[in-house]
Amino acid sequence: MLTKRLSLLLVIAIVVFNATAQDVRTLPTKADSLLYTITDIPKKYLSTIDAKLDKYTTRVTNKTEKTLTRLAKWETKIKTLLEKVSPETAQRLFNNTQLTFATALEKYKQGQSIITEQRKKYNEYRDKLTTSIKYLEDQKDKLDSKLLQPLAKAKEQLNNFEKTQDETDAMEQFIKERKKQLLDQSLQYLGNSKYVQKINKEAYYYVETIRNYKQIFTDKQKAEETALTILNKIPAFQKFIQQNSMLASLFRMPGAGPSLFGGAGGGSLAGLQTRASVNTLIQNQIAAGGPNAVEQIRNNMQAAQAELNKLKDKVLKAGGSSSDMNMPDFKPNNTKTQTFKQRLEKGFNVQFAKNNSLVPTTADVAMHIGYKMNDKSVIGLGASYKAGLGSIQRIAISHQGVGLRSYIDWKLKKQFYISGGYEMNHNAQFKNIQQLQQYYSWQQAGLIGLSKKVQAKTKFFKGAKLQLLYDMLARTHLPVSQPVVFRVGYQF
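Structural notes, computed from the coordinates. Keep in mind the model is a prediction, meaning the values are calculated, not measured.

Here's the deal with the overall build of the chain
When its secondary structure is counted, the chain shows 13 helices and 8 strands. Considering only intrachain contacts with a sequence separation of at least 6, the fraction spanning at least 24 residues in the chain is 63%. When the accessible surface of the chain is split by element, carbon and sulfur atoms take 58% of a total near 31400 Å².

Right under this line is the structure:
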């Protein structure tokens, strides 16, 4: 009887185990389930893309309109001057067949394109972004319903972005060509006219500002990196890229269909050497060079790569990857191409004061934020907190006051700056905010001295700042404070 019961229990256990194993085998895993993987895309991804596209489009549109307005104004001044000294040149530059800055501005405001044919420039980030949005649109029936509306909005913003990008590329080329035309034909009559110089500078700053906007736009945020990481793990997405990306349309992979150059993907590669055959050929050539051939080739490759990087830096500084380099014939102010946020400098500094019979040793910790007026000067504001440290015999932390600061740094040479500032310090303990409103309780300080900025890039800081200052009002303080101030600070 016991044997029968054990046999029955064994049979039931086997049946349950097989059923459970079958259920486990049929469950979709994260690696082989498309639906399960796509739903892991953060909802913040689409809202982030939408915000980035909208901000970029707004920035570029406003900058282009402002630039064309200025250029049209100075172009009109040049026309007036040319009509007096050379009517023939004025007629040649401003006849009805010529596209001027004024007519380009009107067309831009009306949404008309100034150039019918424009060669598109490839951008890796733009290509991946466009392809990923297209893929999500193609798979929208598998997405969460909450993502459909953000996806539609992101697609609409992407279409506006594509249009804006094409118009901006065309506008850059037009401004360069029109500037060159005005400079070449009017220079002999107007000489070094201030209006010609203004057009030259404005055209340069426009191109550099747009390049800066593009760089900001291509910086990936955390939500984008997470989404792309998830998408790259989906085999269907990889296949979609091969068939629909801009790069794939130029260099078609085998079996991916026709390319822009014509022909099928596999047939167009007939007769070409494979990677394996090229590797074999390289290995045979290295082996024939002797035992030190590999090391010599490695050294030569490193040297060549270093020279190539130097040439790339020169090209980028001169005007980017375009053959029409944007080289200025004046000393540019790089801050004019930066956004307001990029011109801000945030950081903190610390200073110590030794104790005397009236006050303990103190440490002043200050937070400050500065604004770069140009490449040479920075002005800013800050606030400080004074903490008492006691003495060597007895260390005791105490509250000793607060302070408000203003400062200016003017570049002297290389990393050295002339620094000045006006500060007000409340060097007494206070129990409520009302006590800080009493002006007579604040102590003034007028500082002047030298600063040195040191490059010290870390995870949290991008530079250090050493300051040696002299307080011109130190003798008026009660008690008299030390006139020489040394501060060490870091910039976030």
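Concerning the sheet that holds strand β7 (residues 463–471)
Picture the strands of a sheet paired through backbone hydrogen bonds; they go either parallel or antiparallel. One closed barrel accounts for 8 strands, arranged β1-β2-β3-β4-β5-β6-β7-β8; its pairing is antiparallel. The average angle at which neighbouring strand axes cross in this sheet is 25 degrees, direction not considered. Bridge count for strand β4 (residues 395–413) against strand β5 (residues 416–426) is 11 bridges, and the pairing is antiparallel. Along β5, the bridge assignment pairs Asp-409 with Ser-419.

Looking at the packing of helix α4 (residues 87–94) against helix α7 (residues 148–190)
Axis separation between α4 and α7 bottoms out at 10 Å; the angle between their running directions is 175 degrees. Comparing their axes, α7 and α4 come out roughly antiparallel. Contact residues: Thr-89, Arg-92, Leu-93 and Phe-94 in α4; Arg-178, Gln-181, Leu-182, Gln-185 and Tyr-189 in α7. Here the contact of α4 with α7 is built from residues that sort into 4 nonpolar, 3 polar and 2 charged.

Some details on the pairing of strand β8 (residues 484–491)
Going residue by residue along β8, you find Val-485, Arg-487, Gly-489 and Gln-491 tucked away on one face and Val-484, Phe-486, Val-488 and Tyr-490 left uncovered on the opposite face. The sheet contact formed by strand β1 (residues 344–353) and β8 spans 4 bridges and is antiparallel. Bridging across to β8, Val-350 finds its partner in Val-488. Pairing of β7 with β8 involves 8 bridges; the strand directions are antiparallel.

Notes on a nonpolar patch on the surface
On the surface, a cluster of nonpolar side chains totalling about 800 Å² of accessible area is made up of Ile-448, Val-454, Leu-466, Leu-468, Tyr-470, Met-472, Leu-473, Val-484 and Phe-486. Elements with a minimum of two residues in the nonpolar patch: β6 (443–455), β7 and β8. No other element matches β7, which puts 3 residues into the nonpolar patch. On the secondary structure map, Ile-448 appears in strand β6. Residue class for Ile-448 comes out partly exposed when judged on its relative accessible area of 43%.

Digging into the nonpolar core
Tyr-45, Leu-46, Phe-101, Leu-129, Leu-136, Met-171 and Ile-175 are the most contacted members of the largest nonpolar core, which has 54 residues in total. Contributions of two or more residues to this core are made by α3 (44–85), α4, α5 (101–109), α6 (124–138), α7, α8 (194–218), α9 (222–232) and α10 (235–244). At 12 residues, the largest contribution of residues to this core is made by α3. Leu-129 has contacts with Tyr-45, Ile-49, Leu-53, Leu-158 and Phe-217, leaving out every residue within four places of it along the chain.

A few points about α9
Looking only at α9, the buried set comprises Ala-223, Glu-224, Ala-227, Leu-228, Ile-230 and Leu-231. An end-on view of α9 places all buried positions within 160 degrees of arc, on one side of the element.

Some thoughts on unusual backbone geometry
At Lys-414, a position not held by glycine, the phi torsion is positive, near 55 degrees. Along the chain, the position of Lys-414 falls in the loop between β4 and β5. Note on Lys-414: relative accessible area 67%, which makes it exposed.

A word on the environment of Ile-78
When you line up the elements, Ile-78 lands in helix α3. For the pair formed by Ile-78 and Ser-186, sequence separation is 108 residues and the distance between their alpha carbons is 8.2 Å. Not counting the four nearest positions on each side in its chain, Ile-78 is found in contact with Ser-186, Leu-190, Tyr-195, Val-196 and Ile-199.

Observations concerning the pattern of salt bridges
The tally for this structure, following the rule as stated, stands at 17 salt bridges. Among the salt bridges present, the one from Glu-208 reaches Arg-211, with a minimum N-O distance of 2.5 Å. Highlighted residues: Glu-208 and Arg-211, both in helix α8, separated by 3 residues, approximately one helical turn. When its relative accessible area of 15% is taken as the criterion, Glu-208 is described as buried. Look at the salt bridges and you will find they share partners, linking Arg-126, Glu-162 and Asp-166 into a network.

Observations regarding the side chain of Thr-164
Among the structural elements, Thr-164 can be located in helix α7. Within polar-contact distance, the side chain of Thr-164 engages the backbone oxygen of Asn-160 at 2.8 Å.

Quick notes on the packing of aromatic side chains
Applying the stated criterion across every chain, the model contains 14 aromatic pairs. Each residue in the set Tyr-56, Tyr-125, Phe-161 and Phe-217 is aromatic and connected to the rest through ring pairs, giving one cluster. Here the guanidinium or amino end of Lys-52 rests over the ring plane of Phe-217, the centre of that ring lying 5.2 Å away. In this structure, Arg-178 is placed above the aromatic ring of Phe-94, and the distance from its NZ or CZ to the ring centre is 5.2 Å.

Parameters and conventions
- Residues numbered from 1 in each chain as written.
- Predicted model: local features only at pLDDT ≥ 70, side-chain atom pairs only at ≥ 80, totals over all residues.
- Heavy atoms only, no water.
- Helix = DSSP H or I, 4+ residues; strand = E, 2+ residues; numbered from the N terminus.
- Contact = heavy atoms within 4.5 Å.
- Areas by Shrake-Rupley, 256 points an atom, 1.4 Å probe, with all protein chains shown as cover.
- Pairing = 2+ DSSP bridges.
- Axes fitted to C-alpha atoms, helices over the stretch in contact; angles between N-to-C directions.
- Parallel < 35°, antiparallel > 145°, perpendicular 65-115°, else oblique.
- Nonpolar A, V, L, I, M, F, W, Y, C, P; charged D, E, K, R; others polar.
- Buried < 20%, exposed > 50% of the residue type's maximum accessible area, 1.4 Å probe, protein only.
- Patch = residues over 30% accessible without salt bridge, like charges linked within 9 Å, V, L, I, M, F, W, Y side chains within 5 Å.
- Salt bridge = Lys/Arg side-chain N within 4 Å of Asp/Glu carboxyl O.
- Core = buried A, V, L, I, M, F, W, Y, C linked by side-chain atoms within 4.5 Å.
- Arc of directions from axis to C-beta.
- Polar contact = N/O pair within 3.5 Å; in protein donor to acceptor, adjacent residues only side chain to side chain.
- Phe/Tyr/Trp six-rings, centres within 6.5 Å; stacked < 30°, edge-to-face > 60°.
- Lys NZ or Arg CZ within 6 Å of the ring centre and 35° of its normal.

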